[in-house]
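Listed here are the chains, written in short residue letters.
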Amino acid sequence: MSDKQVELNEHGHELLAYSDDSRHDVDEADHYVLMADAIRDLLIEKGVIKAGDVREQLEFMDSRSEEIGAQIIARAWANADFKERLLADGSEAIKEFDIPMLDAELVVVENTDTVHNMVVCTLCSCYPRTILGMPPDWYKSKTYRSRSVNEPRAVLKEFGTELADDVAVRVHDSNADMRYLVLPVRPEGTDGWSEAELAKLVSRDSMIGVSPARAP
Amino acid sequence: MTGDVVTEPLFKTGDQVRIHDSNPPGHRRTPDYIKGKIGIIERYCGRFVNPEESAYGFDGLPLRHLYRVRFDQAHIWKDYDGGAGDTLDIEMYEHWLRPAGGSAPKQKKAIFQ
């Protein structure tokens, strides 16, 4: 045992190092910011990248948003042929939208009356960024990443999504080269709607699979 | 993507596999919770750079076969609280997969419906 005073929380339990409530998180954040800056400066100094490349990449990522994903979903709702192609090969189907997938492949999973899909990356924060923009903070949290895989129904309930037992919950751990988009159930009362109208009902969270699409 | 794969994929959709239970040091994409568990190949995803090599500046070649593997949640977690049809899909590089008794038994096929 070291002489270091052990920190206790209000219940008298020892605080775990690196847990969410530990002071280490602050130190870690500072550490990674410093490391990222140092690596960027070194890459520029060695001529691997230019400062403008970093800015361009930031500009590109800021230009991406969930509206792109909503257009894809709306087309799948409106066009059965596109939907079939989208579910069979997501990367191939979205070529008509001119969306770069970078090095990853797109897998689209369909919610139905009997199946509910939700997406998580337990290892980090893999996310279809070119289709949905940057992931929300909760998607990157340790809590969501660890709980979504072993108690998805409890997590969904906290998001306001309660499912009957006979609806199968399919969790997709996005841990490697695939990126996932959930095709939510098309809301009722939208017969004959245009793609543009339908797209307004598609929320970011419904494409991650933690909520249904908006009601009309 | 360039780079030769000398082998054909070992597994096909519906095959039953066990995730290799091993804890080598370094960058791995196989989380602990799935090690040693038995699932079914949901689909073959293609060939990809091996992240266990590319993470350290190597070229990650030869490319590795990647699969999506589907598991019953009740098999992964002892105290899983949810429907019997609940499943989890995860991507696995072929070198983490071991054959586990041929094709899927009939009751397992239900999870593909």
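A short tour of the structure in this document, coming up. Values in this document were obtained by computation on a predicted structure and should not be read as measured data.

Here's the deal with the overall build of chain B
Link 1 in the chain: Of regular secondary structure, chain B possesses three helices and five strands.
Link 2 in the chain: Element order for chain B, N to C, with α for helix and β for strand: β-β-α-β-α-β-β-α.
Link 3 in the chain: Taken across its 113 residues, chain B has 32% of its residues classed as buried.
Link 4 in the chain: Long-range pairs, those at least 24 residues apart, make up 66% of the contacts in chain B with a sequence separation of at least 6.

Here's the deal with the overall build of chain A
Link 1 in the chain: Helices and strands together make up the secondary structure of chain A, namely 11 helices and four strands.
Link 2 in the chain: Counting only residues that meet the buried cut, chain A has 31% of its 216 residues in that class.
Link 3 in the chain: Long-range pairs, those at least 24 residues apart, make up 67% of the contacts in chain A between residues at least 6 apart in sequence.

Re the environment of Arg40 of chain A
Residues and elements named next belong to chain A.
Link 1 in the chain: The residue Arg40 is located in helix H1 (residues 24-45) in this model.
Link 2 in the chain: On the basis of neighbour count, Arg40 is assigned to the partly exposed category, with 14 C-beta atoms found within 10 Å.
Link 3 in the chain: In this structure the C-alpha to C-alpha distance between Arg40 and Lys50, which are 10 residues apart in sequence, comes to 9.3 Å.

What to know about the interface of chain B and chain A
Link 1 in the chain: Taken together, the contact between chain B and chain A spans 18 residues of the former and 21 residues of the latter.
Link 2 in the chain: Elements represented by at least two residues in the side of chain B that touches chain A include exactly strand S2 (38-48) and strand S4 (87-93) of chain B.
Link 3 in the chain: Looking at which element gives the most residues to the side of chain B that touches chain A, the answer is S4 of chain B, with five residues.
Link 4 in the chain: Across the side of chain B that touches chain A, the residue classes tally to eight nonpolar, five polar and five charged.
Link 5 in the chain: Pairing of strand S3 (residues 168-173) of chain A with S4 of chain B involves four bridges; the strand directions are parallel.

Structural notes on the nonpolar core
Link 1 in the chain: Of all hydrophobic cores here, the largest spans 61 residues; its most connected members are Ile73 and Val202 of chain A together with Val69 and Met92 of chain B.
Link 2 in the chain: The element best represented in this core is helix H3 (residues 66-78) of chain A, accounting for six residues.
Link 3 in the chain: Excluding residues that lie within four positions of it along the chain, Met92 of chain B makes contacts with Ile19, Thr30, Tyr67, Val69 and Leu97 of chain B.

What to know about unusual backbone geometry
Link 1 in the chain: The omega torsion of the bond from Leu61 of chain B to Pro62 of chain B falls at 0 degrees, within 30 degrees of zero and hence cis.
Link 2 in the chain: Structurally, Pro62 of chain B is set in the loop between helix H1 (51-54) and strand S3 (64-72).
Link 3 in the chain: Of note in this structure, Asp98 of chain A is not a glycine but carries a positive phi near 60 degrees.
Link 4 in the chain: By secondary structure assignment, the location of Asp98 of chain A is in the loop between helix H5 (90-93) and strand S1 (105-110).
Link 5 in the chain: Take Asp98 of chain A: there are 6 C-beta atoms within 10 Å of it, and that puts it in the exposed class.

Brief notes about the pairing of strand S1 (residues 15-19) of chain B
Residue and element names in this part refer to chain B.
Link 1 in the chain: Because side chains alternate across S1, one face comprises the buried residues Asp15, Val17 and Ile19, and the other comprises Gln16 and Arg18, none of which is buried.
Link 2 in the chain: In this structure, S1 lies alongside S2, joined through three bridges in antiparallel fashion. Looking across to S2, one finds that Gln16 is bridged to Ile40.

Definitions and cut-offs
- Residues numbered from 1 in each chain as written.
- Chains lettered and ligands numbered in written order.
- Predicted model: local features only at pLDDT ≥ 70, side-chain atom pairs only at ≥ 80, totals over all residues.
- Helix = DSSP H or I, 4+ residues; strand = E, 2+ residues; numbered from the N terminus.
- Buried ≥ 20, exposed ≤ 12 C-beta atoms within 10 Å, placed from the backbone.
- Contact = placed C-beta atoms within 7 Å.
- Nonpolar A, V, L, I, M, F, W, Y, C, P; charged D, E, K, R; others polar.
- Pairing = 2+ DSSP bridges.
- Core = buried A, V, L, I, M, F, W, Y, C linked by C-beta atoms within 7 Å.

By themselves these figures say nothing about function.
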